[in-house]
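Structure at a glance
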Amino acid sequence: MIRYNLRCEKGHAFESWFQSSTAYESQEKRRLVSCPACGSVKVERAIMAPQIVSKKGREAAPPAPAAPAEVTAPSESTPLLMAQERELRAKLKELRDHIVKNADNVGERFPNEARKMHYGDIEHRPIYGEASPEEARSLIDEGVEVSPLPVLPDDRN
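Residues numbered from 1 in each chain as written. Predicted model: local features only at pLDDT ≥ 70, side-chain atom pairs only at ≥ 80, totals over all residues. Heavy atoms only, no water.

**Observations concerning the side chain of Glu113**
With respect to the helices and strands, the residue Glu113 is situated in helix 3 (residues 110–118). When near neighbours in sequence (up to four residues on either side) are disregarded, Glu113 contacts Val106, Ile122, Arg125 and Ile127. (Helix = DSSP H or I, 4+ residues; strand = E, 2+ residues; numbered from the N terminus. Contact = heavy atoms within 4.5 Å.)

**Quick look at the packing of helix 3 against helix 4 (residues 133–141)**
Across the interface, helix 3 lies against helix 4 with an axial gap of 10 Å and an inter-helix angle of 5 degrees. Put simply, helix 3 runs roughly parallel to helix 4. Contacts between helix 3 and helix 4 involve Phe110, Pro111, Ala114 and Arg115 from the former and Glu135, Ser138 and Leu139 from the latter. Each residue belonging to the contact of helix 3 with helix 4 can be placed in one class, and the counts come to 4 nonpolar, 1 polar and 2 charged. (Axes fitted to C-alpha atoms, helices over the stretch in contact; angles between N-to-C directions. Parallel < 35°, antiparallel > 145°, perpendicular 65-115°, else oblique. Nonpolar A, V, L, I, M, F, W, Y, C, P; charged D, E, K, R; others polar.)

**Focus on the pairing of strand 2 (residues 13–18)**
Bridge analysis of strand 1 (residues 2–8) against strand 2 gives 6 bridges, and the strand direction is antiparallel. Within strand 2, the residue paired with Arg7 across the bridge is Ala13. Where strand 1 hands over to strand 2, the hairpin turn is made up of 4 residues, of which Gly11 adopts a positive phi near 90 degrees. (Pairing = 2+ DSSP bridges.)

**Points about the packing of aromatic side chains**
Summed over all chains, the structure comprises 1 aromatic pair. Over the face of the ring belonging to Tyr4 we find Arg45, whose NZ or CZ atom lies 4.8 Å from the ring centre. (Phe/Tyr/Trp six-rings, centres within 6.5 Å; stacked < 30°, edge-to-face > 60°. Lys NZ or Arg CZ within 6 Å of the ring centre and 35° of its normal.)

**Observations concerning the sheet that holds strand 2**
Here we have 3 strands laid out as an open sheet, ordered 2-1-3, and antiparallel in their pairing. Two strands close off the open sheet at either side, each with one partner strand: strand 2 and strand 3 (43–45). The mean inter-strand angle of the sheet, taken between neighbouring strand axes irrespective of direction, is 40 degrees. Here helix 1 (residues 21–29) sits on the sheet in contact with strand 1, strand 2 and strand 3, set at roughly 160 degrees to strand 3.

**Things to note about the environment of His12**
Here His12 shows up in the loop between strand 1 and strand 2. Remark: the alpha-carbon pair of His12 and Pro36, spanning 24 residues in sequence, is separated by 8.7 Å. Once you skip the residues sitting within four places of it in the chain, His12 turns out to touch Leu6, Arg7, Cys35, Ala37 and Cys38.

**Thoughts on unusual backbone geometry**
Its identity is not glycine, yet Arg31 carries a phi of approximately 60 degrees, on the positive side. Relative to the assigned elements, Arg31 resides in the loop between helix 1 and strand 3. Using a relative accessible area of 52% as the deciding quantity, one classes Arg31 as exposed. (Buried < 20%, exposed > 50% of the residue type's maximum accessible area, 1.4 Å probe, protein only.)

**A closer look at the pairing of strand 1**
As paired elements, strand 1 and strand 3 share 3 bridges and run antiparallel to each other. Bridge pairing in strand 3 links Leu6 to Arg45.

**Topic: the environment of Ser34**
Tracing the backbone shows Ser34 in the loop between helix 1 and strand 3. Looking at Ser34, the relative accessible area reads 19%, which means it is buried. Along the sequence, Ser34 and Glu44 sit 10 residues apart, while their C-alpha atoms lie 9.9 Å from each other.

**Observations concerning the pattern of salt bridges**
Applying the stated criterion across every chain, the model contains 10 salt bridges. For Arg45, the salt bridge goes to Glu25, with nearest N and O atoms at 3.4 Å. Taken together, the residues Arg45 in strand 3 and Glu25 in helix 1 connect sequence positions 20 residues apart. The partner of Arg89 in a salt bridge is Glu85, and the shortest N-O contact between them spans 3.2 Å. With a gap of 4 residues between them, Arg89 and Glu85 both fall in helix 2 (residues 74–102), about one helical turn apart. Since its relative accessible area comes to 29%, Arg89 is described here as partly exposed. In the salt-bridge network here, residues are joined through shared partners; they are Asp104, Arg109, Glu113, Lys116 and Arg125. (Salt bridge = Lys/Arg side-chain N within 4 Å of Asp/Glu carboxyl O.)

In short, the description is geometric, and any link to function would need to be established separately.
This is the structure in structure tokens:
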């Protein structure tokens, strides 16, 4: 896990934990990292000083205190983050339900059907189905526009 000090475009400072730097970059690119104070998704990493302890000072040196953040205490920001997460989940579920209602489920035929539509072999229509990560990458490499169907942990479908 890695902790980043973050700052939004409005100057609000806050911190957040990520599985890795790659996980942070992926979430930032998909606009999933947002300021708990104002909701802005224009967020960047703030300058952080690493904590370095010399061999001599390991036993006696207490850990350096974290830089003060301009955000409210975690107990106050948690309900806001939970509300934002619930709202995001609701929107993703709404999107998923709309796709399922208005598109044809072509199952395992998805990669072939998507290719046929892309190359003009069959008429375009909204579809969804299954594709392995390799098949999805191949479609994207060919210029076929595909996106994963949002699936949430609490989905029972």
